[in-house]
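Structure assessment
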Amino acid sequence: MKRNHLFRFAVISVLIAHALGVGAQVVKYDNVYYRCDGSSNLGYYAKVIDQKGQNNTLTGAVTIPNQFVYPGGKTIYPVTTVENSAFADQTGLTSISLPSTVTSIGTNVFKNCSNLTTYYGGGFTSIGTLLSGLPKLQKVTLPSTLTSVAAYAFDSCTNLSSLVFLATSHVKSIGSYAFRNCKSLSSISIPSSVTTINRYAFEGSGLTKITIPSTVTSMDAYAFQNCPELESANIQNDKVVGHQFYNCPKLKTVTFSSNVQSISNSAFAKTGFTSIVIPKTITSVDNYAFYDCPNLTSVTINQTKVSQYCFAKCGNLKAVTLPVGIKNIGDHAFSEDTSLISLSIPDSVSYMPGSAFSYCSSLSAFYVSDKNETFYTEDGIIFNKDHQLVAYPCGKKGSSYSVPGRTKLVAPHAFCGNVYLKTVLMDSVKKIDYNAFEGAKSLERVQLCDSLNSIGNSAFANCQQLSEIEIPSCVTNIYTKAFLNCIGLKKIVSHLKTPPTTAADAFEGVPTDIPVYVPQGYAQLYKGTEGWYNFTNYIEFDEKGDVVVEFNDDEGNVVVSKTDNENIVVVTATPAEGYEFVEWSDGNTDNPRTIDISGGVTISITAVFQKTATPDKFTITVASLNPEMGSTIGSGEYEKGASVIIAAIPNQGYQFKQWIDSNTDNPRTILVTENASYVAMFEAVTAVEDMLSEREIQELLNDPMTHIYTLQGIEVTSNKEDLPASVYIFRNGDKAGKLYLK
């Protein structure tokens, strides 16, 4: 009786164990170990387990079946899971294929699989870092069930060259760093199911082209930055985010769909564009958007604003077309564009700081529409209607400039980065604003006027040729770093008995042993005042004033003569043989010259001599505002008084409109009297005229009113009918164009 109860208990235990799957067994099928489990009631399943734990070594390609029959039995076990570390340390494994029945996959599955080159399949929704960092991984086909590519999923898989999303892909997001440093991945097709691409997703990858589908509604910054081989991008979503293509040096072609509404900060900075036309559909272009694009030569803008640093440091940018209706040109918008020659400012512009064009070393002139209500130009220099000097072209030739008497303010960055000016004279300026003369590389002397009361932050910073500064008696404030690194300063003269309020670092970098002249009896006060106490060589001067004259002994001599009036002296410059007197360093050309030193004024001047004049030569620069529309001829060095022909040659589909100074002659004859720049403007034509027929060419050649020029601008004076086959420029009355002789 007792044994019968025990027997019944054993049968029940087996049934329960079978029903609950307690009898899970490890089996080997096709050289791979699995754990088989389940029941007829709950279903059967198999899991791929840690092969190393079974002392199993895999080599070559391994394909996991979607199911198999239990060895020696009839039960079918679907493969549903790949457990943690299943294939870890299998260095001989080169290829793996998982079935769609695998819906769960563990961690470290392929850890240290250093020779794995190919991965296919699975049925899970997230891949995690399953394949991250595998050095030889080349080909990956992702399961259609995948809904996200996790952060770091393929990070630093440097040999990954092919990644396929199946046509039925459900991927919605690509995580941060997912394909970072996949240097062999030259192309990828982002599924239309993707709505999110996170930051740094493709940073440093080897992509050569990319299409961003319109379904992407969330794009993080830096997604494609530092992609060294990326050449083209097709953007179909609604915006280009910050740093999206930053430092992609080969990126030259971008297609913007009509969906694109904005370009965020630094989106295309340090890219390889040679020209760019920003469509009208894009309403916002943010700061630094095209910063430091070294190959960019022309830009056409269709927006109402150019943001800060938007096209700064584009060293080859020569042509900028600003649209009618543009209102705002931001701070440093074109700063350091060293090839920009000239710029025409439309009448709609109402905000335009001097910094927008700082350090544009070839910029010789500005042109502002006569209808502009905020700005005007005078001799190519920009002023606003409050008569503030806004911007002096950095590349404008000439060694001296007198600020007009009506000017009360030298605006921020007005002379910043100037190339040629040596002397600047001021008559009634009250304030020199921040960075006004920063980096003016040739500036030697600035004559500050008695009305001046403020010298702004970094106003003369890095003016390393500035040799002296004389501070008038009305100055009340000298702000931080005003004379930073003015290492060429040889003396400072202050006419204030009480030192002006001066920042501690106002003279940072200036030699501290140079002579500092201050009124008699006030040196001790200066020595104890912030901003002045670092100087060690104070010299007190008499309030009667003085004249300090400098000159080159080899070029001439200067004599200072007193008069009956102790406040009046006469200076006379006498040139040496082979030299002639030009001017005094403050621009005055009187010789002899009478100087009033009343009121304790100390005048420091230098006599400027030059070798006896030889035939003068000047440089004529002829350029196209937009090289894509046409070219020009006539640039060169010519003798003073020469008559030179310049011409604008439109490309197919365009026609000459006018020169930027509104002259419409083409070809145009100019008289050489100084260095000058001429910029041709072109416009599109609605229909391109065919080349002249043989009959029309013959009529032109026979017409005595026809002038023929070579492409170098030289008029042909020989028999027109004997001209060799070539391309020429013709002018006949108000008609001009190319002439093709066969």
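Residues numbered from 1 in each chain as written. Predicted model: local features only at pLDDT ≥ 70, side-chain atom pairs only at ≥ 80, totals over all residues. Heavy atoms only, no water.

Helices and strands together make up the secondary structure of the chain, namely three helices and 59 strands. Taking 2.2 N^0.38 as the reference for a compact globule, 742 residues should give roughly 27 Å; the C-alpha atoms of the chain span a radius of gyration of 39 Å, well beyond that estimate. Seen through its C-alpha atoms, the chain measures out along the principal axes to roughly 150 × 90 × 45 Å. Looking at the chain as a whole, 47% of its 742 residues qualify as buried. A separation threshold of at least 6 residues defines the contact pool for the chain, and within that pool the share at least 24 residues apart is 38%. Looking at the chain as shown, the accessible area adds up to about 34,000 Å², and 47% of this sits on carbon and sulfur atoms. The positive charge centre, built from 55 side chains, and the negative charge centre, built from 67, are 16 Å apart in the chain. (Helix = DSSP H or I, 4+ residues; strand = E, 2+ residues; numbered from the N terminus. Rg over C-alpha atoms; globule rule 2.2 N^0.38 Å. Buried < 20%, exposed > 50% of the residue type's maximum accessible area, 1.4 Å probe, protein only. Contact = heavy atoms within 4.5 Å. Areas by Shrake-Rupley, 256 points an atom, 1.4 Å probe, with all protein chains shown as cover. Lys, Arg positive; Asp, Glu negative; His and termini not counted. Charge placed at Lys NZ, Arg CZ, Asp CG, Glu CD.)

On to the sheet that holds strand S13 (residues 173-174), then. Ordered in space as S11-S13-S14-S16, the four strands form an open sheet in which the pairing is parallel. The two strands at the open ends of the sheet, each matched to only one other strand, are strand S11 (148-149) and strand S16 (218-219). In this structure, S13 lies alongside strand S14 (residues 196-197), joined through two bridges in parallel fashion. Among the inter-strand pairings, Ile174 is bridged to a residue of S14, identified as Ile197. (Pairing = 2+ DSSP bridges.)

Here we have three strands laid out as an open sheet, ordered S51-S53-S55, and antiparallel in their pairing. Each of the sheet's edge strands pairs with one partner strand only, and the pair in question is strand S51 (630-633) and strand S55 (668-671). Taken pair by pair, the neighbouring strands of this sheet meet at an average axis angle of 25°, ignoring direction. The pairing of S51 with strand S53 (residues 643-650) spans four bridges and is classified as antiparallel. In the strand pairing of S53, Gly630 is matched with Pro650. (Axes fitted to C-alpha atoms, helices over the stretch in contact; angles between N-to-C directions.)

Glancing now at the nonpolar core. With 112 residues, the main nonpolar core has Phe87, Phe154, Phe245, Phe268, Phe290 and Phe311 as its most contacted residues. Discounting residues that sit within four places of it in the chain, Phe268 has contacts with Ile235, Val240, Phe245, Leu251, Val254, Phe256, Ile263, Phe273, Ala289, Phe290 and Cys293. Counting residues in each nonpolar core, the second largest holds 50 residues, with Leu389, Tyr401, Ala436 and Ala506 among its members. (Core = buried A, V, L, I, M, F, W, Y, C linked by side-chain atoms within 4.5 Å.)

This part is about the pattern of salt bridges. All chains considered together, the criterion is met by 13 salt bridges. Across the pair Lys481 and Glu508 runs a salt bridge, and its minimum N-O distance is 3.1 Å. Residue Lys481 is found in the loop between strand S39 (477-478) and strand S40 (491-494), and its partner Glu508 is found in the loop between strand S41 (501-502) and strand S42 (515-519); the two are separated by 27 residues along the sequence. Judged by its relative accessible area of 37%, Glu508 falls in the partly exposed class. As a salt-bridge pair, Arg668 and Asp661 come within 3.0 Å of each other at their nearest N and O atoms. (Salt bridge = Lys/Arg side-chain N within 4 Å of Asp/Glu carboxyl O.)

Attention shifts here to the pairing of strand S19 (residues 253-256). Only one face of S19 is buried: it carries Val254 and Phe256, and the other face, with Thr253 and Thr255, is open. As paired strands, strand S17 (residues 232-235) and S19 are joined by four bridges and run parallel to one another. For Ile235, the partnering residue across the bridge sits in S19 and is Phe256.

What follows deals with unusual backbone geometry. The peptide bond linking Asn591 to Pro592 adopts the cis configuration, its omega dihedral lying at 0°. Mapping Pro592 onto the fold places it in the loop between strand S47 (579-584) and strand S48 (593-596). Of the consecutive residues Asn666 and Pro667, the connecting peptide bond is found in the cis state with omega at -5°. Note on placement: Pro667 falls in the loop between strand S54 (654-659) and S55. A positive phi angle is found at Tyr200, which is not glycine, with a value near 60°.

Mapped onto the elements of the fold, Gln225 is located in the loop between S16 and S17. The residues touching Gln225, leaving out its near neighbours within four places in the chain, are Tyr200, Glu203, Gly204, His243, Gln244, Phe245, Tyr246 and Cys248. Reaching out from Gln225, the side chain makes a polar contact with the side chain of Glu203 at a distance of 3.0 Å. (Polar contact = N/O pair within 3.5 Å; in protein donor to acceptor, adjacent residues only side chain to side chain.)

Burial of S53 is extensive: six of the eight residues sit out of reach of the surface. One ladder, built from four bridges, connects S53 with S55; its direction is antiparallel. Looking at the pairing, Ile645 lines up with Thr669 of S55.

A few words now on the confidence of the model for the chain. Across the chain, pLDDT averages 88, with 93% of residues at or above 70. In the predicted structure, residues 1-22 sits below a pLDDT of 50 and forms eleven contacts with residues beyond four places in sequence or in another chain. (pLDDT = per-residue confidence, 0-100.)

Next up on the list: the packing of aromatic side chains. For any pair of aromatic rings, geometry is given as the distance between the ring centres together with the angle between the planes. If you walk through the whole model with that rule in mind, you get 43 aromatic pairs. Geometrically, the ring pair formed by Tyr177 and Tyr200 is stacked, given 5.0 Å between the ring centres and 5° between the ring planes. Taken together, the residues span a long stretch of sequence, with Tyr177 in the loop between S13 and S14 and Tyr200 in the loop between S14 and strand S15 (209-212) at a distance of 23 residues. We note that Tyr177, like Tyr200, is buried. Aromatic pair Phe290 and Phe311: ring centres 5.3 Å apart, planes at 5°, arrangement stacked. With a gap of 21 residues between them, Phe290 in the loop between strand S22 (284-285) and strand S23 (298-300) and Phe311 in the loop between strand S24 (305-306) and strand S25 (319-321) connect regions that are remote in the sequence. Note on accessibility: Phe290 and Phe311 belong to one class, buried. When the ring centre of Phe383 is taken as reference, the NZ or CZ atom of Arg406 above it lies at 5.8 Å. (Phe/Tyr/Trp six-rings, centres within 6.5 Å; stacked < 30°, edge-to-face > 60°. Lys NZ or Arg CZ within 6 Å of the ring centre and 35° of its normal.)

This paragraph deals with the side chain of Asp337. Along the chain, Asp337 falls in the loop between strand S26 (328-329) and strand S27 (342-345). Buried charged residue Asp337 carries no salt bridge. Nearest counter-charge: Lys313, at 10 Å. Contact partners of Asp337, with chain neighbours within four places excluded, come to Phe311, Ala312, Lys313, Cys314, Leu317, Tyr359 and Cys360.

A separate point is helix H3 (residues 694-702). Among all positions of H3, only Ile697, Leu700 and Leu701 are buried. Down the axis of H3, the buried set is contained in an arc of 95°. They therefore lie on one face. (Arc of directions from axis to C-beta.)

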